[in-house]
Amino acid sequence: MTEPTTLGNDLLRSAARLSRWASRHASFDVPFAQARLLALLDELGPSRVSALAAADHSSQPTITSQLQRLEASGWVHRASDPDDARATVISLSDEGHAALESVRRARLAVLSPALDQLDGPALDRVRVAIDVMNELLAAAADAPVPHPTRKDG
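Residues numbered from 1 in each chain as written. Predicted model: local features only at pLDDT ≥ 70, side-chain atom pairs only at ≥ 80, totals over all residues. Heavy atoms only, no water.

J.: What exactly am I supposed to notice about the pairing of strand β1 (residues 76-81) here?
T.: Successive residues of a regular strand alternate their side chains across the two faces of the sheet. Where β1 lies against strand β2 (residues 84-92), six bridges are found, and the strand directions are antiparallel. Bridge pairing links D81 to D84 in β2. In this antiparallel pair of consecutive strands, β1 and β2, the connection spans two residues. (Pairing = 2+ DSSP bridges. Helix = DSSP H or I, 4+ residues; strand = E, 2+ residues; numbered from the N terminus.)

J.: Hey, could you run me through unusual backbone geometry in this one?
T.: Note: most peptide bonds trans; most residues except glycine with negative phi. At H57, a residue that is not glycine, the phi angle is positive and equals roughly 55°. Here H57 lies in the loop between α3 (49-56) and α4 (60-72).

J.: Help me out: how do you make sense of the layout of surface pockets in this one?
T.: Its volume calculated, the largest pocket comes out at about 2,500 Å³. Mapped by element, the contributors of at least two residues to the lining of the largest pocket are α1 (3-25), α2 (32-44), α3, α5 (94-116) and α6 (120-142). Broken down by element, the lining of the largest pocket gets its largest block of residues, 14 residues, from α1. Partitioning the lining of the largest pocket into residue classes produces 33 nonpolar, nine polar and eight charged. (1 Å grid on protein atoms, 1.4 Å probe; cavity = no way out; pocket = protein on both sides within 12 Å on 5 of 7 lines; lining within 4 Å. Points joined across faces, edges and corners; volume = space filled by probe spheres on them. Nonpolar A, V, L, I, M, F, W, Y, C, P; charged D, E, K, R; others polar.)

J.: Could you clarify how one ought to interpret the pattern of salt bridges in this entry?
T.: Where side chains of opposite charge bring their charged atoms close, a pairing between them can arise. Considering all chains together, one arrives at nine salt bridges under this definition. A salt bridge links R36 to D56, with the shortest nitrogen-to-oxygen separation between them at 3.0 Å. One end of the pair, R36, is in helix α2; the other, D56, is in helix α3, with 20 residues separating them in the sequence. Taking relative accessible area as the criterion, R36 reaches 42% and is therefore assigned partly exposed. The network of salt bridges with shared partners includes R48, D81, D84 and R86. (Salt bridge = Lys/Arg side-chain N within 4 Å of Asp/Glu carboxyl O. Buried < 20%, exposed > 50% of the residue type's maximum accessible area, 1.4 Å probe, protein only.)

Printed below as a string of structure tokens:
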């Protein structure tokens, strides 16, 4: 593999492992799939079911089922799409924001002791890494999207 490919794979693997580790060790009441969908809605803002399914690499029936659970918990709202009255747009409710924040606090609670073990220079490197990851995400958002290789559903 080339250096950029190795670097990209290492970055994605490390970020995913850290996220899974924090979720696995955290204690929260929101089912993981629902927490992930809440986070996606928080990231994307009000969205159609089709956009959420595409962003999550899930089928529309799968997302619809998850959204029904979120709606039953009072964590999302449905509204008419202002651009197409036949469609609906899903957005987080105040309760949904609160549920997502409780998940994030729980994940942070398990990560904090590890961060507390780092010295000043290591914490500085973590801050730089966060800045670089944010720059990478901004650059990725501006880059052309490659053709998907994964089938939805």
